[in-house]
Amino acid sequence: MNTRFQGDMDIIKIPGVRCHPLDPSARPAYSPSILDVGISCKMIYDCTVPFPLKEQFRRAQFMDVDPTKWVPDLR
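If you're wondering where the values come from, they're calculated on a predicted model, not measured in any experiment.

(A) Fine view of the packing of aromatic side chains. By the definition in use, this model includes 1 aromatic pair. Ring geometry for Phe5 and Tyr45: centres 5.7 Å apart, planes at 65°, overall edge-to-face. Placement of the pair is Phe5 in the segment before β1 (11-18) and Tyr45 in strand β2 (residues 39-45), with a sequence separation of 40 residues. Note on Tyr45: relative accessible area 42%, which makes it partly exposed.

And the structure:
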């Protein structure tokens, strides 16, 4: 998200959709925009690379790590 997301243009809100039944905030008492229990607003974060700019975005290289430092019996 740090390198591919701009909050002012990459958030898509989908109001009035069914949400998880254990979500305590999905109740009309929580927000006036919630019309019924179990209905809430979902969000999509668009963190894709814009196609015309794809050459400017490079995938980070991972360092080699020896896991036996933390799990000696792994061998």
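Having seen the model, we can carry on.
(B) The arrangement of the layout of surface pockets in detail. As a volume, the largest pocket reaches approximately 160 Å³. Around the largest pocket, the lining residues are Thr3, Arg4, Phe5, Gln6, Met9, Asp10, Asp46, Thr48, Pro50, Leu53 and Phe57. Of the residues assigned to the lining of the largest pocket, the class counts are 5 nonpolar, 3 polar and 3 charged.

(C) Highlighting the side chain of Asp10. Mapped onto the fold, Asp10 is located in the segment before β1. An unpaired buried charge is present at Asp10: no salt bridge exists, and Arg4, the closest side chain of opposite charge, is 10.0 Å distant. Looking at Asp10, its side chain comes within polar contact range of the main-chain nitrogen of Gln6, at 2.8 Å. Among residues more than four places away in sequence, those in contact with Asp10 are Arg4, Phe5, Ile44, Tyr45 and Asp46.

(D) Inspection of the environment of Ile12 at higher detail. Tracing the sequence through the fold places Ile12 in strand β1. A relative accessible area of 42% places Ile12 in the partly exposed class. For the pair Ile12 and Asp46, spaced 34 residues apart in sequence, the C-alpha to C-alpha distance is 7.7 Å. If near-sequence neighbours (up to four positions away) are discounted, Ile12 is found in contact with Lys42, Met43 and Ile44.

(E) Representation of the pattern of salt bridges. Counting across every chain of the model gives 1 salt bridge. Between Arg58 and Glu55 there is a salt bridge, with its nearest N and O atoms 3.3 Å apart. Taken as a pair, Arg58 and Glu55 share a single burial class, namely exposed.

Conventions adopted
- Residues numbered from 1 in each chain as written.
- Predicted model: local features only at pLDDT ≥ 70, side-chain atom pairs only at ≥ 80, totals over all residues.
- Heavy atoms only, no water.
- Phe/Tyr/Trp six-rings, centres within 6.5 Å; stacked < 30°, edge-to-face > 60°.
- Helix = DSSP H or I, 4+ residues; strand = E, 2+ residues; numbered from the N terminus.
- Buried < 20%, exposed > 50% of the residue type's maximum accessible area, 1.4 Å probe, protein only.
- 1 Å grid on protein atoms, 1.4 Å probe; cavity = no way out; pocket = protein on both sides within 12 Å on 5 of 7 lines; lining within 4 Å.
- Points joined across faces, edges and corners; volume = space filled by probe spheres on them.
- Nonpolar A, V, L, I, M, F, W, Y, C, P; charged D, E, K, R; others polar.
- Lys, Arg positive; Asp, Glu negative; His and termini not counted.
- Salt bridge = Lys/Arg side-chain N within 4 Å of Asp/Glu carboxyl O.
- Polar contact = N/O pair within 3.5 Å; in protein donor to acceptor, adjacent residues only side chain to side chain.
- Contact = heavy atoms within 4.5 Å.

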